[in-house]
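A structural walkthrough
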Amino acid sequence: KGETIHLKFTEMKTVNQVVLMENIAQGERVREFILDGRTPDGWQEILRGKCIGHKFIKRFNPAKISACRLKISASEGMPQIKEFSLYNVIN
């Protein structure tokens, strides 16, 4: 629960896909969000999105990061994130 959720890694990781899920038993609450990654140059925006709902899957340009944060910038009530996963998907 909350408006900001962090994932921290023990070392730098390359990621290019995010999977987000809300606890929709409590309703779809997230209206807008921002995904930031901590690069050697500091926090940088990776992507912006609107609704998460049951499952949001999005690929983006590869980013080498040591941490990631999900910031909920607009919601109806307290956001309840069920899953927040990052991957490095290879074609």
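For the structure itself, consult the block above.
Here the structure is a predicted model, which is why all the values come from computation and not from measurement.

Calculation rules
Residues numbered from 1 in each chain as written. Predicted model: local features only at pLDDT ≥ 70, side-chain atom pairs only at ≥ 80, totals over all residues. Heavy atoms only, no water. Core = buried A, V, L, I, M, F, W, Y, C linked by side-chain atoms within 4.5 Å. Buried < 20%, exposed > 50% of the residue type's maximum accessible area, 1.4 Å probe, protein only. Helix = DSSP H or I, 4+ residues; strand = E, 2+ residues; numbered from the N terminus. Contact = heavy atoms within 4.5 Å. Salt bridge = Lys/Arg side-chain N within 4 Å of Asp/Glu carboxyl O.

**Details of the nonpolar core**
In terms of nonpolar packing, the biggest core is built from 19 residues, with Val18, Phe33, Leu35, Phe84 and Leu86 touching the most fellow members. The biggest single contributor to this core is strand 4 (residues 56-75), with seven residues. For phenylalanine 84, the residues in contact, after removing those within four places along its chain, are Ile5, Leu7, Val18, Val19, Leu20, Leu35, Cys68, Arg69 and Leu70.

**A few points about the pattern of salt bridges**
Under the counting rule described, the total for this entry stands at five salt bridges. We note a salt bridge from lysine 13 to glutamate 11, for which the minimum N-O separation is 3.8 Å. The class of lysine 13 is partly exposed, set by a relative accessible area of 35%.

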